[in-house]
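Examining the three-dimensional arrangement
Listed below are the residues making up each chain.
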Amino acid sequence: MKEIEEIKKEFEEKIKTKSIEELKKVETHFLGRKGKVVDLFKTLKNATEENRKNIGQQINDLKSYVEETISKRLKELEEIEKNKLLANERIDITLPGIRLETGGLHILSKVMKEVEDIFLSMGFDVMTGPEIESDYYNFEALNIPEFHPARDMQDTFYLAKKILLRTQTSPIQIRTMEKYKPPIRIIAIGRCYRRDAIDSSHSPIFHQVEGLVIDKNVSFSSLKGTLLEFTKKMFGEETKIRFSPSYFPFVEPGAETAISCVICKGKGCRVCKYTGWLEMGGSGMVHPNVLKNVNIDPEEYQGFAFGWGVERIAMIKYGIPDIRMFLQNDLRFLEQFK
Ligand code: PHE
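Residues numbered from 1 in each chain as written. Predicted model: local features only at pLDDT ≥ 70, side-chain atom pairs only at ≥ 80, totals over all residues. Heavy atoms only, no water.

1. Some thoughts on the site of the ligand
Worth spelling out the cut-off: We call a residue near a molecule or strand whenever a single non-hydrogen atom of that residue lies within 4 Å of it. Contacts described as polar in this section are N or O atom pairs within 3.5 Å, which, within protein, must combine one atom able to donate a hydrogen with one able to accept it, while residues neighboring in sequence count only if both atoms come from side chains. Site definitions follow a grid-based scheme: protein atoms alone, a 1 Å grid, a 1.4 Å probe that fits but cannot get out for cavities, and for pockets an open set with protein on both sides within 12 Å along at least five of seven lines, plus lining residues having an atom within 4 Å of a point. More than half of a molecule's atoms within 2 Å of the grid points is what it takes for that molecule to sit in a cavity or pocket. We count a stretch as a helix when DSSP gives it H or I for four or more residues in a row; a strand needs E for two or more, and each element gets its number in order from the N terminus.
Looking at the ligand, there are 15 residues lining it, with Gln 168, Ser 170, Arg 194, Gln 208 and Gly 307 nearest. At 2.9 Å from a nitrogen atom of the ligand is found a side-chain nitrogen or oxygen belonging to Ser 170. A distance of 2.8 Å is found between an oxygen atom of the ligand and a side-chain nitrogen or oxygen belonging to Arg 194. Most atoms of the ligand, that is more than half of them, are within 2 Å of grid points of the largest pocket. For the shell around the ligand, the secondary-structure elements that each account for two or more residues are β6 (205-215), β9 (277-286) and β10 (302-309). The element contributing the most residues to the shell around the ligand is β10, with 3 residues.

2. Quick look at the domain arrangement of the protein chain
Spelled out, the test is: Throughout the structure description, domain borders are defined by an automatic or database domain assignment.
Taken domain by domain, the protein chain holds domain 1 (2-88) and domain 2 (107-337). Put simply, the middle of domain 1 and the middle of domain 2, counted by C-alpha atoms, are 94 Å apart.

3. Some thoughts on the sheet that holds strand β7 (residues 241-246)
The test is simple: A pair of strands is considered paired only if DSSP assigns at least 2 bridges between the two. In this description, a line fitted to the C-alpha atoms serves as the axis of each element, helices being fitted only across the stretch in contact, and the angle between N-to-C directions of two axes falls anywhere from 0 to 180 degrees. Between two residues, a contact is recorded if the distance between any of their heavy atoms is within 4.5 Å.
In spatial order, the strands read β1-β5-β6-β10-β9-β8-β7; together these 7 strands make up an open sheet with mixed pairing. Pairing within the sheet leaves two strands with one partner each, and these edge strands are β1 (125-127) and β7. Each adjacent strand pair in this sheet contributes to an overall mean axis angle of 25°, direction not counted. Where strand β8 (residues 251-260) lies against β9, 8 bridges are found, and the strand directions are antiparallel. Residue pairing in the sheet places Ala 255 in a bridge with Ser 283 of β9. Along the sheet, helix α5 (residues 107-121) makes contact with β1, β5 (184-193), β6 and β10, crossing β5 at roughly 165°.

4. Points about the nonpolar core
For soluble globular proteins, nonpolar side chains are generally found buried alongside one another. Applicable threshold: Here, nonpolar core refers to any group of buried Ala, Val, Leu, Ile, Met, Phe, Trp, Tyr and Cys residues whose side-chain atoms link them within 4.5 Å. For every residue, the accessible area obtained with a 1.4 Å probe (protein chains only) is divided by the maximum for its type, and the residue is called buried under 20%, exposed over 50%, and partly exposed between those limits.
One finds Val 115, Ile 259 and Ile 313 to be the most contacted residues of the largest nonpolar core, which totals 43 residues. Mapped by element, the contributors of at least two residues to this core are α5, β5, β6, α9 (220-235), β9, β10, α11 (310-318) and α13 (331-334). Looking at this core, the element that brings in the most residues is α5, giving 7 residues. Counting 25 residues, the second-largest nonpolar core is a separate cluster that includes Ile 214, Phe 248, Leu 291 and Tyr 301.

5. Focus on empty space enclosed by the protein
In this approach, a probe sized like a water molecule rolls over the atoms, and the result shows the empty space that is left. What counts is decided by this rule: Grid points are joined across faces, edges and corners, and a volume is the space filled by probe spheres set on the points.
Here the structure, examined in full by the defined rule, presents 2 cavities of 30 Å³ or more. In this model, the largest cavity occupies a volume close to 40 Å³. In terms of lining, the largest cavity is formed by Leu 108, Ser 203, Ile 205, His 207, Glu 311, Ile 323, Phe 326 and Leu 327. For the lining of the largest cavity, the elements supplying multiple residues, two or more each, are β6 and α12 (325-328).

6. Some words on the environment of Phe 248
Within the secondary structure layout, Phe 248 lies in the loop between β7 and β8. On a C-alpha basis, the gap between Phe 248 and Arg 99 in space is 52 Å, while along the polypeptide they are 149 residues apart. Once residues lying within four places of it in the same chain are set aside, the contact partners of Phe 248 are Ala 255, Glu 256, Gly 282 and Ser 283.

7. Some details on the pairing of β5
When you tally the buried positions in β5, you get 8 out of 10 residues, the bulk of the element. Bridging between β1 and β5 involves 3 bridges; their strand directions are parallel. Its bridge partner being in β5, Asp 125 is matched across the sheet by Ile 186. For β5 and β6, the ladder comprises 10 bridges, and the chain directions are antiparallel.

So, in structure tokens, the structure goes:
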């Protein structure tokens, strides 16, 4: 009986352990095959007949007590352990999220895509051409002979004799007509270069969108209808266009094209310099000499062409006051168009 008391005392001490690992050891120590409680049963044979039952009962009680206490303690310790884990994994859902830095298309790329989409919807194909051009495609084939004064209008970057950075997208007109037979209905958007002094509306690197349509019975009204349709889709249904006589060697007649100011709706403001109109670029009926240069019979086919400034389109549509902003890569500017 004394021994039972002692073992119980020892057990009460050891059960206080705070670790599950320790508790397992305590379990073996008392209940294992060579454990303290199991050992007690062996002493039974030394007890007298009359005591045996009583002592046996007591040992059994001790055994159940130890078993129950251990399993209760195990549950407690497991609960504590679980709470510790949960505390570590706790997520504060009230914290603001982590913002991912994302890139975006440059505003000019976006505008070029918009322009492309509009013309695609009108049945145009999209062409490209090289930025490094020959004198032939950029000037000669476009009816601009070597000593023609129009060459001075387009101060050219020469890379070698007769090799240059294209000053306009019009050479793509020639490349297209050399490659495809009429009917032709294309646009070409691309980068152009001119030795211009930089200011808020001039940049030595800029973009143009060129249009070319060649077919039978193409007239100036086809040109007007096409540009008006594009203008309405790009700038709004109420926008008007205006043609005024102008000269480009590769068209006849040639016209400067303007749209009604989208800011003041034609009333006159700072952006349109109080004229009510915004200049967009040149246009006209393809010159017979140009058609002849690509072996298209001007008696059978006519065509129109136009070349508008892409930066101009973007500046007007998005209220961008200075052409230099497109190339400065200032994130404060770029991010506004993400
Ligand atoms: N290429 C001309 C320019 O850069 C614009 C233009 C294109 C004019 C097509 C007429 C026809 O100024």
